[in-house]
Amino acid sequence: MTLPPSALRRRCDPAALGFATTAELQGPAGVPGQARAEDALAFGLGMQREGYHLFAMGPVGVGRHSLVRARLEAEAARRAAPADWCYVFNFDAPHRPRALRLPAGQANAFRDAMARLVEDLSAAIAAAFETDEYRNRHREIETELAERQEHALNDLGARARADGIALVRTPSGFGFGPFNKAGDGVMEPEEFGKLEAAEQRRVEQRIDALQKELGDLLHLMPKWRREAHDKMRSLDREVTRAAVASLIEELKAAYAALPDVQAYLERVKADTLENAAAFRQAKEGSEPPTLFGMPLPRPEGMEGPFRRYSVNVLIAHDGANGAPVVSEDHPSHAALVGRIEHIPQMGALVTDFTLIRAGALHRANGGYLVLDAAKVLVQPYAWEALKRALRSRTIDVRTLGQELGILSTVSLEPEPIPLDVKLVLIGERLLYYLLHAWDPEFAELFKVAVDFEEDMPRGPQDDALYARLIAGCAQREQLRPLEAAAVARVIEHQARDAGDADKLSVRVQALVDLLREADHWAGEAGRAAIGAGDVRRAIDAQVARLDRVRNRLQEHIVRGTLLIDTAGSRVAQVNGLAVLQLGDFAFGSPHRITSRVRLGSGGVVDIEREAELGGPIHSKGVLVLSGYLAGRYMPTRPLSLSATLVFEQLYGGIEGDSASSAELYALLSALAGAPVKQSLAVTGSVNQHGDIQAIGGVNEKIEGFFDLCRARGLTGDQGVLIPQANVKHLMLREDAVQAVADGQFAVFPVSTVDEGIERLTGVPAAEIHARVEARLEEFAEQARAFAQSAGRKPWRGAKKK
């Protein structure tokens, strides 16, 4: 039985769509066919428990990113903007900057307020130290110290003078000497030598005593200076406190509801009291640093003593409406958790808290983060850093140098920031299953699988729903509207893309590409709407850009370089069909399959497997074929058979079991001596009971043989045998369907090996099986005779007990 043309392509009736052009339609609310994914997304986004992050899996082009992004943005719009975060100087531990949390939109304002505060403090402190009151009090402290020192020295000098000894002041210090007789100077050594010995001893003893008192006095003077300096510092703090108290208290009042900011401003206040001199020096100005007399440029942002009072705004949400939705296209370690930059200064790399930079986790904190799973996994240490952040629910800014312990420059240990984010990873299904199997932490963190479909059912109402999807894509891409006939042609193509007449592909990217190209051709033709011809031209152009290899293979077959017969009959030779996938383009190509049989005991030898060209599934198909032979023929006696199977002129690898039925037909033809019609090609796998099973790529395989037959000339005898189970998958090209309608080509569905061998040989299946049985009996008798002639005991089967 041949299939009618109506079974080869399920058409879409433009009149049944109910519109003239897609301008009359609105796009669907969601993405058709993705109900499972949308439900999983809704659950995962609504589940506010630890570990319920999402993994959106499915093939590329089904709209994973667009659907996830749309749902996240809708959910984010209903949430409040998250807090701002900034880093400030830690006055207790400068290498551990403090993280400050502020309400959304206030971080930049706080930074500007701190900058104004520093300017105001600098002016106020400088002005306070310029007042007459401060100068008078400062002078009093200095005068008090000088008078105290002078009074002590004068008192010591008076007591020395009473004993006839003078206190002498020299450039090198103080000393004592006896007065001369005139009493107006120090006695000369010659005059001192003329004194009596007793007098000399008395003077020397007295000078020693006075020298000791002078030493004690000089030891007290540094203490008096320190006391004076303490008084000056107290005065400076008092003056500074009076100057800064009102300014800082005013800023504290503006952030009274934020305890962390209040505590930070208290530390700023204390630090300004301790470092008031820095404000005075900055106001007076300072010379730039020099090296060998040459001025050195200051790095940008590092000048001045007030950098410690800066505010490094890490994340600000000024004017934000809703929670953030962040996608990171390059998810490296630094791009995820942030980085600490360094700048060169005086030949070294230095850093401080103002050089901490935010990562994607910071930007998405309080919202949603979307990452490509494969890109994360290929970045060094990014996957581990991401899992660590999700487990600890904090963002710890650490450089890779710190992670590996190889950083030799000064670095920081910023205070970790609490993390509240919903993460969505997007990747292939294989990646999801591999991570689930090999990473024990993965299942704990990503508990929601969002599985995207590749296709959707094609029921009575689904064509109209898909038309709305087409309309939505055209409107979103700002394309010309499509006529109803064009929409019907697109729907048929999408069914072909799904590989099933009862399915429609939901690979949105491929659909959009087709619409864009059809719009281009409509524009070239000057049409206001896209017609069916424009869609057909776009499809043909897509194929033409990619079918060089297909055309070259067909050329080799037509010219006789690759041997494929499409007419006549031949024993043990069958036209098998295979699909070649080159990028996004798949096409069918016929291959000659031959078999040879002889007496032996080696069973069926798969030459492709022996040559290591056959994959494991193909090898399994040959073993299944052997099981069919063993179960169907001579079940109580061993097969005395040695057979070979090969794909002729195949020099690359082959995988899959879709040629196992063709290989079985070749083997049966060889055993039965029945010629096989070369005008027919075969596809389908076989099981051990002789049932023909469904295969993939049925449309491409039929068209591959059809194209060859058309190139050589259609005779009406040519056709393809396919599994009955594949009939529902047929969406053949229109030219192939037309050839069947014209009686020039045929498609034959078969369910069993018997149906297939009858169609290929024209001989009833029972006769074929009888011939095979007889041939195998002949081999068995020849094997017994050979064994007897060789003096060996022939095999007679198992003995009964």
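Since we're looking at a predicted model, the values are computed, not measured.

(A) Expanded view of the overall build of the protein. Within the protein, the regular secondary structure consists of 27 helices and 31 strands. At 48 Å, the protein has a C-alpha radius of gyration far larger than the 28 Å of a compact globule built from 801 residues. Across its three principal axes, the protein shows a C-alpha extent of roughly 160 × 85 × 55 Å. A total of 801 residues make up the protein; the buried ones form 46% of that total. A fraction of 77% describes how many contacts in the protein between residues 6 or more apart in sequence connect residues 24 or more apart. Seen as two clouds, the 96 positive and the 108 negative side-chain charges of the protein have centres 6 Å apart.

(B) Representation of the domain arrangement of the protein. According to the domain assignment, the protein consists of domain 1 (5-33 + 453-546) and domain 2 (552-790). Just the C-alpha atoms count here: the centres of domain 1 and domain 2 sit 37 Å apart. Between domain 1 and domain 2, the contact holds 18 residues from the first and 16 residues from the second. The contact between domain 1 and domain 2 buries some 1600 Å² in all, and 58% of this surface belongs to carbon and sulfur atoms. It is Leu8, Arg9 and Arg496 in domain 1 that bury the most area against domain 2; as a group they hold 44% of the surface buried on that side. The interface formed by domain 1 and domain 2 includes 5 salt bridges. When the shortest N-O distance is used, the salt bridge between glutamate 703 and arginine 496 registers 2.6 Å.

(C) Examining the nonpolar core more closely. In this structure, Phe110, Met114 and Tyr264 are the most contacted members of the largest nonpolar core, which totals 64 residues. In terms of residue count, helix H6 (residues 197-254) provides more of this core than any other element does, 15 residues in total. Each residue touching methionine 114, except ones within four places of it in the same chain, is listed here: Leu251, Tyr264, Leu265, Val268, Tyr309 and Val311. If you look at the next biggest cluster of nonpolar residues, it comprises 47 residues, including Ala670, Leu721, Phe748 and Leu760.

(D) Region of the structure containing the state of the cysteines. Enumeration according to the criterion identifies 0 disulfides in this entry. Residue cysteine 473 stays outside any disulfide, its sulfur separated by 16 Å from that of cysteine 12, the closest cysteine.

(E) View of the pairing of strand E1 (residues 54-57). Neither face of E1 is open: one carries Leu54 and Ala56, the other Phe55 and Met57, and all of them are buried. Bridge analysis of E1 against strand E17 (residues 422-427) gives 4 bridges, and the strand direction is parallel. Its bridge partner lying in E17, phenylalanine 55 is registered against leucine 425. In the sheet, E1 pairs with strand E18 (residues 448-451) via 4 bridges, with the strands oriented parallel. In the strand pairing of E18, leucine 54 is matched with valine 448.

(F) Structural view of the side chain of threonine 761. Here threonine 761 lies in helix H26 (residues 753-761). Among the polar contacts listed, one links the side chain of threonine 761 to the backbone oxygen of isoleucine 757, at a separation of 2.6 Å. At 3.1 Å, the side chain of threonine 761 and the backbone nitrogen of valine 763 are in polar contact. Non-local contacts of threonine 761, meaning those with residues more than four positions away in its chain, are made with Ala674, Pro675, Val676, Lys677 and Ile768.

(G) A look at the sheet that holds strand E3 (residues 98-102). In space, the 3 strands of this open sheet follow the order E3-E2-E8, with antiparallel pairing throughout. With partners counted over all chains shown, the strands left at the sheet margins are E3 and strand E8 (311-315), one partner each. Averaged over all neighbouring strand pairs, the angle between strand axes comes to 30°, with direction disregarded. In terms of strand pairing, strand E2 (residues 84-88) meets E3 through 5 bridges, oriented antiparallel. Bridge assignment links cysteine 86 to a residue of E3, and that residue is leucine 100. Packed onto the sheet, helix H3 (residues 107-128) meets E2, E3 and E8 and runs at close to 170° relative to E8. Strands E2 and E3 of the sheet are contacted by helix H7 (residues 259-274), whose axis makes an angle of about 135° with E3.

(H) Region of interest: the confidence of the model for the protein. Across the protein, the average pLDDT comes to 86, with 93% of residues at 70 or higher. Long-range and interchain partners of residues 296-303, a stretch whose pLDDT sits below 50, account for 19 contacts in this model, where long-range means more than four residues apart. Residue range residues 797-801 is modelled with pLDDT below 50. Its contacts to residues more than four positions away, or to other chains, number 0 contacts.

(I) View of the packing of H3 against H6. The N-to-C vectors of H3 and H6 enclose an angle of 155°; their axes lie 9 Å apart at closest approach. The pairing of H3 with H6 is recorded here as roughly antiparallel in orientation. Relative to H6, H3 is oriented so that their crossing is right-handed. For the pair H3 and H6, contact is made by Ala113, Met114, Leu117, Asp120, Leu121, Ala124, Ile125 and Ala128 and by Val239, Thr240, Ala243, Val244, Leu247, Ile248 and Leu251, respectively. Across the contact of H3 with H6, the residue classes break down as 13 nonpolar, 1 polar and 1 charged.

(J) Fine view of helix H2 (residues 64-77). The first and last C-alpha atoms of H2 sit 20 Å apart over 14 residues, in line with the 20 Å expected at 1.5 Å per residue. Those residues of H2 that sit buried are Arg64, Leu67, Val68, Leu72 and Ala76. Seen from one end, H2 has its buried residues packed into an arc of 160°, which puts them on one side. At its buried positions, H2 is contacted by helix H1 (35-46), E1, strand E9 (325-328), strand E14 (368-372) and E17.

(K) Seen up close, unusual backbone geometry. Unusually for a residue other than glycine, tyrosine 381 sits at a positive phi of about 65°. Here tyrosine 381 lies in the loop between helix H11 (373-378) and helix H12 (382-392). We note that alanine 572 has phi near 65°; this positive angle belongs to a residue other than glycine. Positionally, alanine 572 belongs in the loop between strand E21 (569-571) and strand E22 (573-582). Residue alanine 572 is classed as buried on the basis of its relative accessible area, which comes to 8%.

(L) Spotlight on the packing of helix H20 (residues 548-558) against helix H24 (residues 698-712). Their axes nearest at 10 Å, the elements H20 and H24 cross at an angle of 50°. What the angle tells us is that H20 and H24 run oblique. Crossing geometry of H20 relative to H24 is assigned as right-handed. Here Arg550, Gln554, Ile557 and Val558 of H20 lie close against H24, whose contacting residues are Asp707, Leu708, Ala711 and Arg712. Grouping the amino acids of the contact of H20 with H24 by side-chain chemistry returns 4 nonpolar, 1 polar and 3 charged.

So, how was this worked out
Here, residues in each chain are numbered from 1, in the same order as that chain's written sequence. Given that the model is predicted, a residue must reach a pLDDT of at least 70 before its local features are reported, and side-chain atom pairs must reach 80 or more before they are shown or counted; all residues, however, enter totals for whole chains, interfaces and linings. Hydrogens and water molecules were not included; the side-chain quantities draw on all heavy atoms of the structure. Each helix is a run of H or I in the DSSP string that is no shorter than four residues. Each strand is a run of E no shorter than two, and both are numbered from the N terminus. The reference for a compact globule is 2.2 Å times residues^0.38; the radius of gyration itself is calculated from the C-alpha atoms. Relative accessibility thresholds used throughout: buried, under 20% of the residue-type maximum; exposed, over 50%; partly exposed, between the two (1.4 Å probe, protein chains only). Note on contacts: a residue pair is in contact if any heavy atoms of the two residues lie within 4.5 Å. Lys and Arg are tallied as positive, Asp and Glu as negative. Neither His nor the chain termini are counted. The atoms used to mark charge sites are NZ of Lys, CZ of Arg, CG of Asp and CD of Glu. Reported domain spans reflect what an automatic or database domain assignment gives. Accessible-area loss on putting two parts together, using a 1.4 Å probe and summing over both, is the definition of buried area adopted here. Whenever Lys or Arg places a side-chain nitrogen within 4 Å of a carboxyl oxygen from Asp or Glu, that contact is recorded as a salt bridge. Think of a nonpolar core as a cluster: buried Ala, Val, Leu, Ile, Met, Phe, Trp, Tyr and Cys residues, connected wherever their side-chain atoms sit within 4.5 Å. Any cysteine sulfur atom paired with another within 2.5 Å is treated as part of a disulfide. Note on pairing: DSSP must find at least two bridges between two strands before they are called paired. The term polar contact refers here to a pair of N or O atoms within 3.5 Å; inside protein, the definition further demands a hydrogen-donor-capable atom paired with an acceptor-capable atom, and it admits residues adjacent in sequence only when both atoms are side-chain atoms. Axes, fitted as lines to C-alpha atoms, cover a helix only where it is in contact. Angles between the N-to-C directions of the axes lie from 0 to 180 degrees. One confidence number per residue, pLDDT, is output by the predictor and ranges from 0 to 100. The labels follow the angle: roughly parallel below 35 degrees, roughly antiparallel above 145, roughly perpendicular from 65 to 115, and oblique for the rest. For a crossing to be left-handed, the near helix must be turned anticlockwise from the far one by less than a right angle; the clockwise case is right-handed. Each residue is assigned to one class: nonpolar for Ala, Val, Leu, Ile, Met, Phe, Trp, Tyr, Cys and Pro, charged for Asp, Glu, Lys and Arg, and polar for all the others, Gly among them. A helix is expected to span 1.5 Å multiplied by its residue count minus one. What the arc describes is the spread of directions from the helix axis to the C-beta atoms.

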